[in-house]
Amino acid sequence: MSVRIGIDLGGTKIEAIALDDDGRESFRQRIASPRGDYDATILAIRHLVLAADAAVGEPGLVGVGIPGTISPATGLVKNANSTWLIGKPLHVDLERALDRTVRLANDANCFALSEASDGAAADARVVFGVIIGTGTGGGVVVDRHVLIGPNAIAGEWGHNALPWPEADEWPGPECYCGKRGCIETFLSGAGLVSAFRGDAELSARDIAAAAATGDERAASALAIYCRRLAKALASVINVLDPDAIVLGGGLSNIDALYSRVPQMWSEWIFSDRVDTRLVRAKYGDASGVRGAAWLWPA
Ligand SMILES: [Zn+2]
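Reading guide: rules and limits
- Residues numbered from 1 in each chain as written.
- Predicted model: local features only at pLDDT ≥ 70, side-chain atom pairs only at ≥ 80, totals over all residues.
- Heavy atoms only, no water.
- Core = buried A, V, L, I, M, F, W, Y, C linked by side-chain atoms within 4.5 Å.
- Buried < 20%, exposed > 50% of the residue type's maximum accessible area, 1.4 Å probe, protein only.
- Helix = DSSP H or I, 4+ residues; strand = E, 2+ residues; numbered from the N terminus.
- Contact = heavy atoms within 4.5 Å.
- Donors = N, O, S within 2.8 Å, 3.2 Å for Na, K, Ca; no water.
- Tetrahedral: all angles 85-135°; square planar, octahedral: opposite > 155°, others 65-115°.
- Salt bridge = Lys/Arg side-chain N within 4 Å of Asp/Glu carboxyl O.

Trainee: Talk me through the nonpolar core; I want residue IDs and the actual numbers.
Mentor: One broad rule of soluble globular proteins: the nonpolar side chains tend to lie buried together. With 40 residues, the main nonpolar core has Trp157, Leu233, Ile245, Leu247, Leu257, Val261 and Trp265 as its most contacted residues. Residue assignment for this core shows that the elements contributing at least two residues are strand 8 (126-132), helix 4 (183-187), helix 5 (189-195), helix 6 (204-212), helix 7 (216-240), strand 11 (244-248) and helix 8 (256-264). The greatest single-element share of this core, amounting to twelve residues, is contributed by helix 7. Here Trp157 is in contact with Phe128, Val130, Thr136, Gly137, Ile183, Leu187, Ala232, Leu233, Ser235 and Val236, once residues within four sequence places are set aside.

Trainee: Outline the coordination of the zinc ion, listing residues and values.
Mentor: Bound to the zinc ion on the protein side are His159 (ND1), Cys175 (SG), Cys177 (SG) and Cys182 (SG), at distances that span 2.1 to 2.3 Å. Of note is the zinc ion, whose four donor atoms meet at the metal with angles of 103 to 116° in an arrangement that counts as tetrahedral. All donors of the zinc ion come from a single chain, and their spacing in sequence reads H-x15-C-x1-C-x4-C. For Cys177, a relative accessible area of 35% puts it in the partly exposed group.

Trainee: For the pattern of salt bridges, give the residues involved together with the corresponding values.
Mentor: Applying the stated criterion to the full structure yields 19 salt bridges. Across the pair Asp118 and Arg290 runs a salt bridge, and its minimum N-O distance is 3.5 Å. With Asp118 in helix 3 (residues 107-118) and Arg290 in helix 9 (residues 287-293), the pair connects residues that are 172 residues apart, well separated along the chain. A relative accessible area of 29% places Asp118 in the partly exposed class. Across the salt bridge formed by Lys231 and Glu166, the nearest N and O atoms sit 3.1 Å from each other. Residue Lys231 is found in helix 7, and its partner Glu166 is found in the loop between strand 10 (145-146) and helix 4; the two are separated by 65 residues along the sequence. Connected through shared salt-bridge partners, Asp8, Lys13, Glu15, Glu25, Arg28, Arg30, Asp118 and Arg290 make up one network.

What follows is the structure, encoded as structure tokens:
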């Protein structure tokens, strides 16, 4: 087997690609996630992998990027914002359903690996990859190797509290993890929506579009969002001092983030100057699926 199949299991969609030996895509398909249904999730992934097998003419090597991670101690999923996966033996069930060895990794780790390998942060030694979308995840890559750690949570800063909170950010919204004021509650799409003080209920995408065309309340929501992102990333820079921070996920498509956040973050970074680069994912909001495929290195 030489064809690599990458699966990105997300909260709203499941994407599959097949990469040949030189990294070219020979198959791509995206379907909606069967939200709340674990068995249907397994079947959906099986369907995608068999379709990829058929497209490339042989059974491929399968890597899967998952929300959360597999606990090294129990083999069960933990820390997933797709909560129907938590406590499930996903690795074992996928290998049984696909009848082959499968490699699993946290979706943010896959994303960071992809961007550090041949993406927007190629040539950067230390990369912090961030996914801002349905949830908020982070991953650390050093010299093109994913940093995992004994608890398999390296880079998981989404459930730290938002640092340097304003009066209206503390104790903050409730989070599915049981705490309040987590970074994820502010930086996910729902976080941007909750920062909007308007008459209509707008989606995160609508708010970003309205802010770009001069709507004052949308611009205000986006400014609040940028300030929160700047504080959350400043706390990472103070610990890790990465060469580059790469943003992926739906909210990474907001152009204003890349100019405004680095203008703000110096306020909280303990340094006389800041040379960290903040860049958009090269492979778009689906970059993680390439990292999943590259869980099987050339
Ligand atoms: Zn949380």
